[in-house]
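Residue-level structure breakdown
This is what each chain is made of:
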Amino acid sequence: MDEKTEELRDIFMDVTDESTVTERQEETHGSLSSETEVEERLEAVVAEMRERYDFATTLSDEELVTVVRGYYAGDSDAEIARELGDASLGKTVSRARIDLHLIRESDTDAPFDLDALRDLLDDGASTTDAADALDVSESTVRRYRRIIETRQEKQTANDRFTDEFENVLRDRELSDRMTDDIQKDGLDDATEGMETNVSF
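Residues numbered from 1 in each chain as written. Predicted model: local features only at pLDDT ≥ 70, side-chain atom pairs only at ≥ 80, totals over all residues. Heavy atoms only, no water.

Further remarks concern helix H7 (residues 127-134). Taken residue by residue, H7 has Thr 127, Ala 130, Ala 131 and Leu 134 as its buried positions. For H7, the arc enclosing every buried residue in end-on projection is 100 degrees, short of the 170-degree limit, so these residues lie on one face. Across from the buried face of H7, at angles greater than 90 degrees, the exposed residues are Asp 132 and Ala 133. Considering only its buried residues, H7 is in contact with helix H6 (114-122) and helix H8 (138-156). Following H7 by one or two positions, Asp 135 adopts a phi angle in the positive range, close to 60 degrees. (Buried < 20%, exposed > 50% of the residue type's maximum accessible area, 1.4 Å probe, protein only. Helix = DSSP H or I, 4+ residues; strand = E, 2+ residues; numbered from the N terminus. Arc of directions from axis to C-beta. Contact = heavy atoms within 4.5 Å.)

See below:
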């Protein structure tokens, strides 16, 4: 720490009566979400979805919250799997993400027309029949059948659950931004009117 930085720190501490300038105080979040509240709110949405829908995932609610956070952070399924501590969980993460109504554009990039599969399923075709008609494997049909079902679930729920995820994370982002602004304003107020002679 150079002399000018040290001087500014001392001024800040004198003006604010604070013992440190590096501590982030959770109290400044006020009524906005703390990290614990964010986790609890996300877990509550996950638990409600698990109760309402037929989840295929073996991941816990806490692990599913990690999936939600990773998805909205723009992480790939492989990156989320590594965050969960097991790089081999990529497919598990993908299935869990679909269970959570978190569909990526690439999820709908099927080797056939999804509408054709939807029509077959609506007509009561079995997985085997649909696979034969579309000339793909049964596992491929099962995968894209789940995508179709999830899109229908999202539409029926009016995107309610994804909206809730986004609202929780938006509240937290707003809270962090406000805290940063408060801390910046506090430092600006503490140093307002002070002459600084800093040469670079």
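Moving on, we get to the confidence of the model for the protein chain. Caution is warranted with low-pLDDT regions, since their predicted coordinates should not be read in detail. Taken residue by residue, the protein chain gives an average pLDDT of 81. The fraction at 70 or more is 70%. Predicted confidence in the protein chain is weakest over helix H1 (residues 3-16), with a mean pLDDT of 59, and strongest over helix H4 (residues 77-83), with 97. In the model, residues 21-32 has pLDDT below 50 throughout and makes 20 contacts with residues more than four positions away in sequence or in other chains. (pLDDT = per-residue confidence, 0-100.)

Counting 26 residues, the largest nonpolar core has Leu 42, Val 68, Leu 100 and Phe 165 as the members making the most contacts within it. For this core, the secondary-structure elements that each account for two or more residues are helix H2 (35-52), helix H3 (61-72), H4, helix H5 (90-99) and helix H9 (160-191). Residues in contact with Leu 100, not counting those within four places in the same chain, are Val 46, Met 49, Phe 55, Leu 64, Val 67, Val 68, Thr 162 and Phe 165. With 14 residues, the next largest nonpolar core counts Ala 110, Leu 114, Ala 130 and Leu 134 among its residues. (Core = buried A, V, L, I, M, F, W, Y, C linked by side-chain atoms within 4.5 Å.)

Attention now goes to unusual backbone geometry. A positive phi angle is found at His 101, which is not glycine, with a value near 65 degrees. You can see His 101 is positioned in the loop between H5 and H6. Here Asp 159, not a glycine, exhibits a phi torsion of approximately 55 degrees, which is positive. Here Asp 159 lies in the loop between H8 and H9.

Moving on: the environment of Ser 126. Examined against the element boundaries, Ser 126 turns out to sit in the loop between H6 and H7. Note on Ser 126: relative accessible area 33%, which makes it partly exposed. The spacing of Ser 126 and Val 141 is 15 residues in sequence and 9.8 Å in space, taken between C-alpha atoms.

Turning our attention to the packing of H7 against H8. At a minimum axis distance of 8 Å, the contact between H7 and H8 shows a crossing angle of 105 degrees. With respect to H8, the element H7 is oriented roughly perpendicular. For the pair H7 and H8, the contacting residues are Thr 127, Thr 128, Ala 130 and Ala 131 in the first and Glu 138, Val 141, Arg 142 and Arg 145 in the second. (Axes fitted to C-alpha atoms, helices over the stretch in contact; angles between N-to-C directions. Parallel < 35°, antiparallel > 145°, perpendicular 65-115°, else oblique.)

Moving on, we come to a negative patch on the surface. Together, Asp 113, Asp 119, Asp 122 and Asp 123 give the surface a local cluster of negative charge. Topologically, Asp 122 is positioned in helix H6. (Patch = residues over 30% accessible without salt bridge, like charges linked within 9 Å, V, L, I, M, F, W, Y side chains within 5 Å. Areas by Shrake-Rupley, 256 points an atom, 1.4 Å probe, with all protein chains shown as cover. Salt bridge = Lys/Arg side-chain N within 4 Å of Asp/Glu carboxyl O. Lys, Arg positive; Asp, Glu negative; His and termini not counted. Charge placed at Lys NZ, Arg CZ, Asp CG, Glu CD.)

Turning our eyes to something else, we now look at the pattern of salt bridges. If charged atoms from side chains of opposite charge come close, those side chains can pair. Applying the stated criterion across every chain, the model contains 16 salt bridges. We note a salt bridge from Arg 41 to Asp 171, for which the minimum N-O separation is 3.2 Å. Of this pair, Arg 41 sits in helix H2 while Asp 171 sits in helix H9; the two residues are 130 residues apart in sequence, bridging distant segments of the chain. On the basis of relative accessibility, which here comes to 32%, the residue Arg 41 falls in the partly exposed class. A relative accessible area of 27% means that Asp 171 is categorised as partly exposed. Members of the salt-bridge network, linked through shared partners, are Asp 99, Arg 145, Arg 146, Glu 149 and Glu 153.

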